[in-house]
Amino acid sequence: MSIQAIEDTTVKAFPAPAKPAEVIAFTAKARRRFDPIVIAGKLASALVPPVIVIALMLVVWQIACSSPTASLPPPTQVWNEAYDLIAHPFFDNGPQDIGLAWRVLISLQRVAIGFGLAAVVGVALGALVGQSIWAMRGLDPVFQILRTVPPLAWLPLSLAAFRDSSPSAIFVIFITSIWPVIINTAVGVRNIPEDYRNVSRILRLNQFEFFMKIMVPAAAPYIFTGLRIGIGLSWLAIVAAEMLTGGVGIGFFIWDAWNSSRLPDIIVALAYIGVTGFCLDRLVAAAGAFVTRGTTAK
Amino acid sequence: MTTYLKLDHIDKSFTRGGQVSEVLRDIRLTIDKGEFVSIIGHSGCGKSTLLNLIAGLTKVSAGAVLLEDKEVDSPGPERAVVFQNHSLLPWLTVYENINLAVSKVFGRTKSRTERHDWIMRNLDLVQMAHARDKRPAEISGGMKQRVGIARALAMEPKILLLDEPFGALDALTRAHLQDAVMDIHSRLGSTTIMITHDVDEAVLLSDRIVMMTNGPAATIGEVLAVPLARPRRRVELSSDRTFLRCREAVLKFLYERHRFVEAAE
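Here is what the cut-offs are and how they apply
Residues numbered from 1 in each chain as written. Chains lettered and ligands numbered in written order. Predicted model: local features only at pLDDT ≥ 70, side-chain atom pairs only at ≥ 80, totals over all residues. Heavy atoms only, no water. Helix = DSSP H or I, 4+ residues; strand = E, 2+ residues; numbered from the N terminus. Expected span 1.5 Å × (residues − 1). Buried < 20%, exposed > 50% of the residue type's maximum accessible area, 1.4 Å probe, protein only. Pairing = 2+ DSSP bridges. Contact = heavy atoms within 4.5 Å. Buried area = accessible area lost by both parts, 1.4 Å probe. Salt bridge = Lys/Arg side-chain N within 4 Å of Asp/Glu carboxyl O. Phe/Tyr/Trp six-rings, centres within 6.5 Å; stacked < 30°, edge-to-face > 60°. Lys NZ or Arg CZ within 6 Å of the ring centre and 35° of its normal. Patch = residues over 30% accessible without salt bridge, like charges linked within 9 Å, V, L, I, M, F, W, Y side chains within 5 Å. Areas by Shrake-Rupley, 256 points an atom, 1.4 Å probe, with all protein chains shown as cover. Polar contact = N/O pair within 3.5 Å; in protein donor to acceptor, adjacent residues only side chain to side chain.

Brief notes about helix α5 (residues 171-188) of chain B
Residue and element names in this part refer to chain B.
- Here α5 is 18 residues long and its end C-alpha atoms lie 25 Å apart, about the 26 Å a rise of 1.5 Å per residue gives.
- Among the residues of α5, R174, A175, L177, Q178, A180, V181, M182, I184 and H185 are the ones counted as buried.
- Directly beyond the C-terminal end of α5, a positive phi value near 60° is found at G189.

Here it is as structure tokens:
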């Protein structure tokens, strides 16, 4: 994720999550019960186009990799050789021979810890930087420099500090995903209308009440933009970090498969990673849409 | 009557980039308990600044605001403000907006059911009980301002400060709200200070009208008592001689003796 991308999203605040086309019911009666035809139509319009595109891609891939000299396996070979991985995501045959779903879950657990910490610390630091002009002058330049450091550049340092691979990987997640959270929260807090501050001053809300009752809801759209960028970054970083630290995560699985020349396994793992990342993004977006309902309206 | 609020030789100047601009000079005013006072003047004369000083949202440069002989220099719920643009929190419902104020001010002294009754009583006062579960975005501008007034009243303030509360409303809605404020003032006897730039509104609602000279370094030019009996009815007053005399006095002050400089050019 480039700097530009982060700032672009900051400016746009919280882009409304793309809602699936809503069916407008014409009568109260039609609204109450589900009309199977309408639902089927809705599903078809959402599912058919991507299915066609994926099928076309598979065909092109099959043709391109079918020659005996091709360096990458075609889809049919992937299906045949990695069938175990595709069909049985939850098998467990001992410490290093487990299904891909288990590996994804282990990686997700690391992301959950690292990203969870980043969310809490990031919102707190962002609130501080957004609230205090001196904190901003002092901390903002530091943040701006540190956030451009690539995730893996932190790894040797954290390995030295923690002397263990798992906390190091978690630290890399943390340090990767915290910057967009801090920066977006700070922008959101700086944009809280003066009137809301005046209301809280007249009510004599203390710092904590102001934070919980005014600051967080008012800045929520910005905070969730930051969280959404952050979760994407952490999923990018975990795979790279696990490739280097080893263990049982999905990243190490890819590295291991490469070392034993199991290319079909890598391709299946990539699909797992992509789908999981997509789900994470949608999860945070949905949480954001739920929490900020009504706040953006004037 | 006893002096309730005293503005004691207040000066206010803002400093920006080494430049000092004097906004208010030597403001002296005393307000009695239960009085309704309007502050009127051309835009830019510092009347909103004066209200913010009384509210404690800005600090005086010299002099003091005394409420019941005690100096006040920070904001508090005993000087509740109704803001020009309502300032309701958009993520809370009407009820929750008022509850935020009520649970902060009466969290220790009233029980949960007492607080609920108090919120509903104030919503009834502004005839907004039917919209208790609506969010500010779902109600009209006049309704938002009613809720803003209910929120301020629910703090049980010693002084109610209205900062051009009807400025953003259409004429009909404005008249309805003026009647509502008059009604509330007669029922609760709340000491009220209202900023306005509407001469009719000032005469209709006020016991006294404070007229500000033009800035910079604006001060109180004249204070006019409005000796009209309450309750006042706008239709009857429109031909009342005292009403017309007061109205003329304010108009003369604003448009003959202290014409708005920009408009005069």
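A short note on the pairing of strand β3 (residues 36-40) of chain B
Residues and elements named next belong to chain B.
- In terms of burial, β3 is a largely internal element, five of the five residues being buried.
- In β3, alternate side chains face the same way, and those of F36, S38 and I40 on one face and V37 and I39 on the other are all buried.
- By the bridge criterion, four bridges tie β3 to strand β9 (residues 208-212) in an arrangement that is parallel. Along β9, the bridge assignment pairs S38 with I209.

Side note on the interface of chain A and chain B
- Each partner contributes residues to the interface: chain A has 19 residues there, and chain B has 26 residues.
- Considering only the surface of chain A that becomes buried against chain B, I202, L203 and R204 of chain A emerge as the three largest contributors, covering 33% of it.
- At the boundary of chain A with chain B, the tally comes to two salt bridges.
- For E209 of chain A, the salt bridge identified is with K104 of chain B, shortest N-O distance 2.8 Å.

Considering the environment of T15 of chain B
- On the secondary structure map, T15 of chain B appears in strand β1 (residues 3-16).
- As for T15 of chain B and L57 of chain B, which are separated by 42 residues in sequence, their C-alpha atoms are 17 Å apart.

Brief notes about the packing of aromatic side chains
- As enumerated under the stated definition, the model contains seven aromatic pairs over all chains in all.
- With centroids separated by 5.5 Å and ring planes inclined at 70°, the aromatic side chains of W79 of chain A and Y83 of chain A adopt a geometry described as edge-to-face.
- Of the residues examined, W79 of chain A reaches a relative accessible area of 48% and is grouped as partly exposed.
- With relative accessibility at 39%, the residue Y83 of chain A sits in the partly exposed group.
- Ring geometry for Y196 of chain A and W91 of chain B: centres 5.7 Å apart, planes at 85°, overall edge-to-face. Of this pair, Y196 of chain A sits in helix α10 (residues 194-202) while W91 of chain B sits in the loop between β6 (79-82) and α2 (94-106), on two different chains. Assigned by exposure class, Y196 of chain A and W91 of chain B land together as buried.
- Sitting above the plane of the F14 of chain B ring, K12 of chain B keeps its charged end 4.8 Å from the centroid.
- Positioned over the ring face of Y95 of chain B is R132 of chain B, at 4.8 Å from the centre of the ring.

Re a nonpolar patch on the surface
- Together, F34, I39, L43, L47 and V51 of chain A make up a nonpolar patch on the protein surface, roughly 530 Å² of accessible area in all.
- Within the secondary structure, V51 of chain A sits in helix α3 (residues 36-64).

Looking at the sheet that holds strand β4 (residues 62-67) of chain B
All names here are of chain B.
- Taken together, four strands build an open sheet; the order of strands is β2-β1-β4-β5 and the sheet is antiparallel. Looking at the sheet topology across the chains shown, the edges are occupied by β2 (19-32) and β5 (70-71).
- With two bridges joining them, β4 and β5 adopt antiparallel strand pairing. Note on β5: the bridge partner recorded for L67 is K70.

A look at the side chain of T192 of chain B
Residue and element names in this part refer to chain B.
- Here T192 is to be found in strand β8 (residues 191-196).
- In this structure T192 comes out as buried when scored by relative accessible area, which is 1%.
- Here the side chain of T192 touches S190 through a polar contact of 2.9 Å, landing on its backbone oxygen.
- In contact with T192, other than residues within four places in its own chain, are E35, F36, V37, L160, L162 and H185.

Notes on the pattern of salt bridges
- The final tally for this structure, using the stated rule, is 20 salt bridges over all chains.
- In this structure, a network of salt bridges that share partners links the residues R204 of chain A together with E78 and R79 of chain B.

Just geometry here; none of it tells us what the structure is for.
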